[in-house]
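# An overview of the molecular structure
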Amino acid sequence: MKYAYVSTQEPCSLGVRIVQVQDTKEGLIDVDGVLFWVECDDDVNGGTHYYDMNDNQIKAIGSQS
């Protein structure tokens, strides 16, 4: 399991951008309502996935779900 660092201030696809993915949450801090960590699958990366704020799920760009 990895962690995705999500920015609510950067819209992309149908949600918001995943800034970074890493093995731990160390090195970056949560900024209330702006930047936060979410557990994610190992195959997630910012170039192919986004965070859907409507259902709080990470999804692949171009997916229908």
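Residues numbered from 1 in each chain as written. Predicted model: local features only at pLDDT ≥ 70, side-chain atom pairs only at ≥ 80, totals over all residues. Heavy atoms only, no water.

Backbone-to-backbone hydrogen bonds pair the strands of a sheet. The strands run either parallel or antiparallel. Spatially, 5 strands are ordered E3-E1-E2-E4-E5 in an open sheet, and the strand pairing comes out antiparallel. The two strands at the open ends of the sheet, each matched to only one other strand, are strand E3 (35-40) and strand E5 (57-60). For this sheet, the mean inter-axis angle between neighbouring strands, taken without regard to orientation, is 45°. Pairing analysis gives 6 bridges linking strand E1 (residues 2-12) to E3, with the strands arranged antiparallel. When the sheet's bridge partners are listed, Tyr3 is paired in E3 with Glu39. (Pairing = 2+ DSSP bridges. Helix = DSSP H or I, 4+ residues; strand = E, 2+ residues; numbered from the N terminus. Axes fitted to C-alpha atoms, helices over the stretch in contact; angles between N-to-C directions.)

Once that is clear, we can look at the pairing of strand E4 (residues 49-52). Along E4, one buried face is formed by His49 and Tyr51 and the opposite face, lined by Tyr50 and Asp52, is buried too. Sheet analysis places strand E2 (residues 15-22) next to E4, joined by 2 bridges and oriented antiparallel. When the bridges of E4 are listed, Val16 appears paired with Tyr51. Across 4 bridges, the pairing between E4 and E5 is antiparallel. (Buried < 20%, exposed > 50% of the residue type's maximum accessible area, 1.4 Å probe, protein only.)

When you line up the elements, His49 lands in strand E4. Under the relative-accessibility criterion, His49 is labelled buried at 11%. Reaching out from His49, the side chain makes a polar contact with the side chain of Thr48 at a distance of 2.7 Å. (Polar contact = N/O pair within 3.5 Å; in protein donor to acceptor, adjacent residues only side chain to side chain.)

In this section: the nonpolar core. Listed in full, the 8 residues of the largest apolar core are Ala4, Val6, Val16, Ile18, Val38, Cys40, Val44 and Tyr51. Every element with two or more residues in this core is listed here: E1, E2 and E3. Beyond its immediate sequence surroundings of up to four residues, Val44 is in contact with Ile18, Val21, His49 and Ile58. (Core = buried A, V, L, I, M, F, W, Y, C linked by side-chain atoms within 4.5 Å. Contact = heavy atoms within 4.5 Å.)

For the rest of this paragraph, the subject is the pattern of salt bridges. A complete count under the given rule lists 4 salt bridges for this structure. Of the charged contacts in the structure, one is a salt bridge between Lys2 and Asp23, with a shortest N-O distance of 3.9 Å. Of the two residues, Lys2 is situated in strand E1 and Asp23 in the loop between E2 and E3; the sequence distance between them amounts to 21 residues. Classification of Lys2 by relative accessible area gives partly exposed; the value is 25%. Here Lys59 ties to Asp52 by a salt bridge, and the two come within 2.8 Å at their closest N and O atoms. Residue Lys59 shares its accessibility class with Asp52, and that shared class is buried. (Salt bridge = Lys/Arg side-chain N within 4 Å of Asp/Glu carboxyl O.)

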